[in-house]
Amino acid sequence: MKAAARARASSLIALLFAALPVLGVLWPDASHAAGVSIIGATDDGTTTEFTVKTQVLIIMTLLGLLPVMMLMMTSFTRFVIILALLRQALGLQQGLPNRIVTGVALILTLLVMRPVGQEIWTEAIVPFDQEQITFSEALKNAEAPLSRFMLAQTHKAALTQISQLAGEGPVADPKDHAFLVKLAAFVLSELKTAFQIGCMLFIPSWSSTWSSRRC
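Only a predicted model underlies this, so the values are computations on that prediction, with no experimental measurement involved.

### Quick look at the overall build of the protein chain
Turning to step 1, where the next piece is worked out: Counting its secondary structure elements, the protein chain contains 9 helices and 2 strands.
Turning to step 2, where the next piece is worked out: Tracing the protein chain from N to C terminus, the helices and strands come up as α-α-β-β-α-α-α-α-α-α-α.
Turning to step 3, where the next piece is worked out: The proportion of buried residues among the 215 residues of the protein chain is 37%.
Turning to step 4, where the next piece is worked out: Contacts spanning at least 24 positions in sequence make up 70% of the contacts within the protein chain whose residues lie at least 6 apart.
Turning to step 5, where the next piece is worked out: Roughly 12700 Å² of accessible area belongs to the protein chain as shown, and the carbon and sulfur atoms make up 64% of that amount.

Structure follows, in structure tokens:
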């Protein structure tokens with residue numbers, strides 16, 4: 001029974017990178033070591049790991065939020081907004097179904113996120129499956145490449161603003177920000193970039209479409 005639960009946990013952890021926003025809310029940072037975390041209970045500086053069954057239950061619960069997490073933590077938002085604006089500029093609202101736009105955005109997202117997924121698989125999933133690291137260490141290893149990807153696409157102004165709104169103090173390295181702060185700044189940056197690119201495509205396309213209709 002325990003071996004079966006272990007196998008089930010190792011197969012589900014492949015989707016943990018999409019559940020990291022929720023985990024980030026309850027992640028025990030260095031400055032907040034006390035309290036209860038999603039991976040174990042901390043009491044008097046001693047952390048006790050949750051059992052495999054509890055971890056599996058947590059993972060299965062978080063999987064229900066997988067679609068929203070995928071939208072927020074990847075480049076999917078940027079692609080789908082740009083494609084939607086381009087479709088509107090070309091006047092193809094009826095000729096190009098939403099499923100096509102979503103499918104193209106999803107394929108492009110998988111292509112862009114492939115290096116991040118490979119690193120998460122190598123550094124987090126495989127070692128955990130081989131019992132070389134704990135569940136907590138696997139989550140931290142999975143967060144590192146995802147954080148690097150998000151910070152590379154995040155505007156410094158957005159990161160500073162979100163950090164101030166969250167009440168965080170100054171940090172020497174942007175990597176030291178809480179995961180939830182980095183996620184919020186990444187989402188704002190993706191929205192801004194998507195609308196900027198979309199407008200650059202929208203105006204010329206709309207102008208050419210309008211001119212052809214007048215002719």
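On we go from here.
### Some details on the side chain of Glu-190
Turning to step 1, where the next piece is worked out: When you line up the elements, Glu-190 lands in helix α9 (residues 179–214).
Turning to step 2, where the next piece is worked out: Every residue in contact with Glu-190, bar those within four places of it in the chain, is listed here: Thr-74, Ser-75, Arg-78 and Gln-153.

### Section: the packing of aromatic side chains
Turning to step 1, where the next piece is worked out: Within this structure, the stated rule accounts for 1 aromatic pair.
Turning to step 2, where the next piece is worked out: The interplanar angle of 55° and the centroid separation of 6.0 Å between the aromatic rings of Phe-149 and Phe-186 together place this pair among those described as tilted. Here Phe-186 lies in helix α9 and Phe-149 lies in helix α7 (residues 135–152), a separation of 37 residues in the sequence. By the burial criterion, Phe-149 is buried, and Phe-186 matches it.

### With respect to the side chain of Ser-189
Turning to step 1, where the next piece is worked out: Here Ser-189 shows up in helix α9.
Turning to step 2, where the next piece is worked out: Residue class for Ser-189 comes out buried when judged on its relative accessible area of 1%.
Turning to step 3, where the next piece is worked out: Separated by 2.9 Å, the side chain of Ser-189 and the backbone nitrogen of His-155 make a polar contact.
Turning to step 4, where the next piece is worked out: Setting aside anything within four residues of it in sequence, one finds Ser-189 in contact with Gln-153, Thr-154, His-155 and Ala-158.

### Comments concerning helix α3 (residues 52–62)
Turning to step 1, where the next piece is worked out: Taken together, the buried positions of α3 are occupied by Val-52, Gln-55, Val-56, Ile-59 and Leu-62. The buried residues of α3 all sit within an arc of 130° when viewed along its axis, so they share a single face. α3 presents Lys-53, Leu-57 and Thr-61 as exposed residues on the side facing more than 90 degrees away from its buried surface.

### Notes on the nonpolar core
Turning to step 1, where the next piece is worked out: Counting 16 residues, the largest nonpolar core has Met-73, Val-116, Ile-120, Leu-146, Phe-149 and Met-150 as its most contacted members.
Turning to step 2, where the next piece is worked out: No other element matches helix α6 (residues 98–129), which puts 5 residues into this core.
Turning to step 3, where the next piece is worked out: Non-local contacts of Met-150, meaning those with residues more than four positions away in its chain, are made with Met-73, Phe-179, Leu-183 and Phe-186.
Turning to step 4, where the next piece is worked out: By size, the runner-up hydrophobic cluster in this structure holds 7 residues, among which are Leu-159, Ile-162, Val-181 and Ala-185.

### Structural notes on unusual backbone geometry
Turning to step 1, where the next piece is worked out: The phi torsion at Glu-131 lies on the positive side, around 60°, for a residue other than glycine.
Turning to step 2, where the next piece is worked out: Classification of Glu-131 as exposed rests on a relative accessible area of 57%.

### Examining the environment of Pro-97
Turning to step 1, where the next piece is worked out: Structurally, Pro-97 can be placed in the loop between α5 (76–89) and α6.
Turning to step 2, where the next piece is worked out: Residues Pro-97 and Arg-87, spaced 10 residues apart in sequence, show a C-alpha to C-alpha distance of 9.7 Å.

### As for empty space enclosed by the protein
Turning to step 1, where the next piece is worked out: Inspection of every chain in the model, using the stated rule, returns 1 cavity of 30 Å³ or more.
Turning to step 2, where the next piece is worked out: Volume-wise, the largest cavity comes out at about 30 Å³.
Turning to step 3, where the next piece is worked out: Around the largest cavity, the lining residues are Leu-71, Met-72, Thr-74, Thr-77, Phe-186, Val-187 and Glu-190.
Turning to step 4, where the next piece is worked out: Looking at the lining of the largest cavity, the elements with two or more residues in it are α4 (66–73) and α9.
Turning to step 5, where the next piece is worked out: For the lining of the largest cavity, the per-class residue count stands at 4 nonpolar, 2 polar and 1 charged.

### Examining the packing of α5 against α6
Turning to step 1, where the next piece is worked out: Running from N to C, α5 and α6 point in directions that differ by 145°, and their axes come no closer than 9 Å. Considering only the axes of α5 and α6, their crossing is right-handed. Judged by residue contacts, Phe-76, Phe-79, Val-80, Leu-83, Ala-84 and Arg-87 of α5 engage Asn-98, Val-101, Thr-102, Val-104, Ala-105, Leu-106, Leu-108, Thr-109 and Val-112 from α6.
Turning to step 2, where the next piece is worked out: Here the residues of the contact of α5 with α6 are counted per class, giving 11 nonpolar, 3 polar and 1 charged.

Cut-offs and rules
Residues numbered from 1 in each chain as written. Predicted model: local features only at pLDDT ≥ 70, side-chain atom pairs only at ≥ 80, totals over all residues. Heavy atoms only, no water. Helix = DSSP H or I, 4+ residues; strand = E, 2+ residues; numbered from the N terminus. Buried < 20%, exposed > 50% of the residue type's maximum accessible area, 1.4 Å probe, protein only. Contact = heavy atoms within 4.5 Å. Areas by Shrake-Rupley, 256 points an atom, 1.4 Å probe, with all protein chains shown as cover. Phe/Tyr/Trp six-rings, centres within 6.5 Å; stacked < 30°, edge-to-face > 60°. Polar contact = N/O pair within 3.5 Å; in protein donor to acceptor, adjacent residues only side chain to side chain. Arc of directions from axis to C-beta. Core = buried A, V, L, I, M, F, W, Y, C linked by side-chain atoms within 4.5 Å. 1 Å grid on protein atoms, 1.4 Å probe; cavity = no way out; pocket = protein on both sides within 12 Å on 5 of 7 lines; lining within 4 Å. Points joined across faces, edges and corners; volume = space filled by probe spheres on them. Nonpolar A, V, L, I, M, F, W, Y, C, P; charged D, E, K, R; others polar. Axes fitted to C-alpha atoms, helices over the stretch in contact; angles between N-to-C directions. Left-handed = near helix turned anticlockwise from the far one by under 90°.

In short, geometric facts, not functional conclusions.
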